[in-house]
Amino acid sequence: MTDWVKIAEDQEIPKFKIDLNADEPAPTTTASKDNEPDVADPAETSLLIKILGKGLVNTKQSLDIQQKNPNSPLHSVKTFEALHLKPELLKGIYAMGFNTPSKIQETALPTLLADPPQNMIAQSQSGTGKTAAFVLAMLSRVNVALDHPQVLCLSPTYELAIQTGEVAARMGQFCPEIKLRFAVRGEEVDRNSKITEHILIGTPGKMLDWGLKMRLFDMKKIRVFVLDEADVMIATQGHHDQCIRIHKMLSSQCQMLFFSATYDKEVMDFARLIVPEPTIIRLMREEESLDNIKQYYVNCKNEEGKYNAIQNIYGCISIGQAIIFCHTRKTAAWLASKMTTDGHSVAVLSGDLTVEQRLAVLDRFRSGQEKVLITTNVLSRGIDIEQVTIVVNFDLPVDLRGNADCETYLHRIGRTGRFGKSGIAINLIDGEKSMSVCRAIEKHFQKDIIYLNTDNADDIEKIGN
DNA sequence: AAAAAAG
């Protein structure tokens, strides 16, 4: 077991539970009852205060602030005007087509924009407006009089960083004086001159390179630190080390904002250790996306069988776009070349590609020039493509030990059924092992995964409705 | 196993 897990266990976390919303049903509902996928441990829930129904959870600290301060950030807002943003930012919000705040924005924005700044750990499916929420916080805190980076945003992948940057550029389109820069693979930098842009959005390696190794900007001057997909970023296996090195260099005055669709208990405990006095926001079931996604499984004999199933499904994809997830880059490449040989038009995206290629592929898929995208876990998280109606798991997501990786599954099939639309997830099964993984996933989410016979055209027809 | 880095 790693160090931080031990620290998390040793740490004495005070226990309290306060129902902030007396009008709502009795606090018995705070117990993790009906299938809440990510709230595994009821004890975890009991450490927190929850505004029932709204899914807002708060720690004691921010409650204290609320009691002292009548303009407390705990009140949610129903309009963007109520946030008292700079007019240029408000204009940007409306230009993007947002009229009223989404649920996560309603509850998170007052805290994100509060003065003095408040730290936050937020859980919300992407596609519910969380990117826009933290981008707004990033933009609103920039002091354009200073020509050095003041805002850092870290993403786990190249694609996600670019996507976030695009949201920031659009939302800040009427604030031309705010400068933004990507710190990602392929970005050239002049090692002799300091970085002058206000906002850096990027991946951990490049950010460390520029900030620590090349000292092109001062981490101590960062005022806002955003960690997107925070759970993968701080999970022991992943980008943990790099993120922690960056985190350690930040000033204690820096506002820390952690966002993720899911947090398991260990990761949440760790997040609470490194984010001082956080406001914790959790968006509950009604906006988690499994409900509007129909899940299926297909029995296949082997890899070839899976390929045949894909071919059968391919015919009914005309309604929208599809993403096919494979376990390895190799499988993805194999599948793509096989389908291409058979005359199907498909695109592949994996870490095998150069950043330029990755950008081009995603562009083609976004614009609808490609209907089918074959990829790896690189795209399992956070990428918003509205027209995706089908997600196929060519390989089910498993962890290092080969057990069901329910978190990744949730993220993957969350690529469809976004923004309240309905979606379809199809899992290809070959043999006992993958069947048991499938059963484990079904059990975990308490959502039926229905048998689908892809050799039967009528059966495939049915999946649309 | 994948991803992030100049690796």
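Source: prediction; values computed, not measured.

K.L.:
Sorry if this is basic, but what is going on with the overall build of chain A here?
P.N.:
Scanning chain A from N- to C-terminus turns up 17 helices and 16 strands. In chain A, buried positions account for 55% of the 465 residues.

K.L.:
Is there a simple way to think about the UniProt feature "short sequence motif: Q motif" (unreviewed entry) in chain A in this case?
P.N.:
The sites that carry the UniProt feature "short sequence motif: Q motif" (unreviewed entry) are, in the present numbering, residues 78–106. Span residues 78–106 is 45% helix and 0% strand, its end C-alpha atoms 6 Å apart.

K.L.:
Quick question: what am I supposed to make of the nonpolar core here?
P.N.:
Side chains of nonpolar character tend, in soluble globular proteins, to be buried together. In terms of nonpolar packing, the biggest core is built from 44 residues, with L112 and M138 touching the most fellow members. With eight residues, the single largest contributor to this core is helix 6 (residues 130–140). Core analysis: the next-biggest nonpolar cluster, separate from the first, contains 35 residues, W210, A230, Y263 and V267 among them.

K.L.:
How should the pattern of salt bridges be read in this particular structure?
P.N.:
Close approach of charged atoms allows side chains with opposite charge to pair. Inspection of every chain in the model, using the stated rule, returns 14 salt bridges. Between E197 and R181 there is a salt bridge, with the nearest N and O atoms lying 3.6 Å from each other. Of this pair, E197 sits in the loop between strand 5 (180–183) and strand 6 (199–202) while R181 is found in strand 5, placing the two residues 16 residues apart along the sequence. A salt bridge links K338 to E304, with the shortest nitrogen-to-oxygen separation between them at 3.8 Å. Here E304 lies in helix 12 (residues 303–314) and K338 lies in helix 13 (residues 329–341), a separation of 34 residues in the sequence. Overall, K338 belongs to the partly exposed group, its relative accessible area being 24%.

K.L.:
Teacher, can you tell me more about the state of the cysteines here?
P.N.:
Here is the idea: a disulfide is a covalent bond, and it sits between the sulfur atoms of two cysteines. Scanning the model with the defined rule gives zero disulfides in all. With no disulfide of its own, C175 has C153 as its nearest cysteine by sulfur position, at a separation of 17 Å.

K.L.:
What should I look at first to understand the packing of aromatic side chains in this one?
P.N.:
Describing an aromatic ring pair means giving the distance of the ring centres and the angle of the ring planes. Under the counting rule described, the total for this entry stands at six aromatic pairs. Ring plane angle 80° and centroid distance 6.4 Å describe the contact between F80 and Y94, whose orientation is recorded as edge-to-face. On the criterion of sequence distance, the pair formed by F80 in the loop between helix 3 (60–68) and helix 4 (87–95) and Y94 in helix 4 is long-range, its members being 14 residues apart. On the accessibility criterion, F80 (2% relative accessible area) is buried.

K.L.:
Whenever I open this one, the packing of helix 12 against helix 13 confuses me. Can you help?
P.N.:
A packed helix pair is summarised by two numbers, namely the angle formed by the two axes and the spacing between the axes. With their axes 12 Å apart at the nearest point, helix 12 and helix 13 run at an angle of 55° to one another. Considered as vectors, helix 12 and helix 13 are oriented oblique to each other. Considering only the axes of helix 12 and helix 13, their crossing is right-handed. Contacts between helix 12 and helix 13 pair E303, E304, Y307, I310 and Y314 from the former with T331, W334, L335, K338 and M339 from the latter. Residue composition of the contact of helix 12 with helix 13, grouped by class: six nonpolar, one polar and three charged.

The rules behind the values
- Residues numbered from 1 in each chain as written.
- Chains lettered and ligands numbered in written order.
- Predicted model: local features only at pLDDT ≥ 70, side-chain atom pairs only at ≥ 80, totals over all residues.
- Heavy atoms only, no water.
- Helix = DSSP H or I, 4+ residues; strand = E, 2+ residues; numbered from the N terminus.
- Buried < 20%, exposed > 50% of the residue type's maximum accessible area, 1.4 Å probe, protein only.
- UniProt positions renumbered as here; feature names shortened; annotations may be inferred.
- Core = buried A, V, L, I, M, F, W, Y, C linked by side-chain atoms within 4.5 Å.
- Salt bridge = Lys/Arg side-chain N within 4 Å of Asp/Glu carboxyl O.
- Disulfide = S-S within 2.5 Å.
- Phe/Tyr/Trp six-rings, centres within 6.5 Å; stacked < 30°, edge-to-face > 60°.
- Axes fitted to C-alpha atoms, helices over the stretch in contact; angles between N-to-C directions.
- Parallel < 35°, antiparallel > 145°, perpendicular 65-115°, else oblique.
- Left-handed = near helix turned anticlockwise from the far one by under 90°.
- Contact = heavy atoms within 4.5 Å.
- Nonpolar A, V, L, I, M, F, W, Y, C, P; charged D, E, K, R; others polar.

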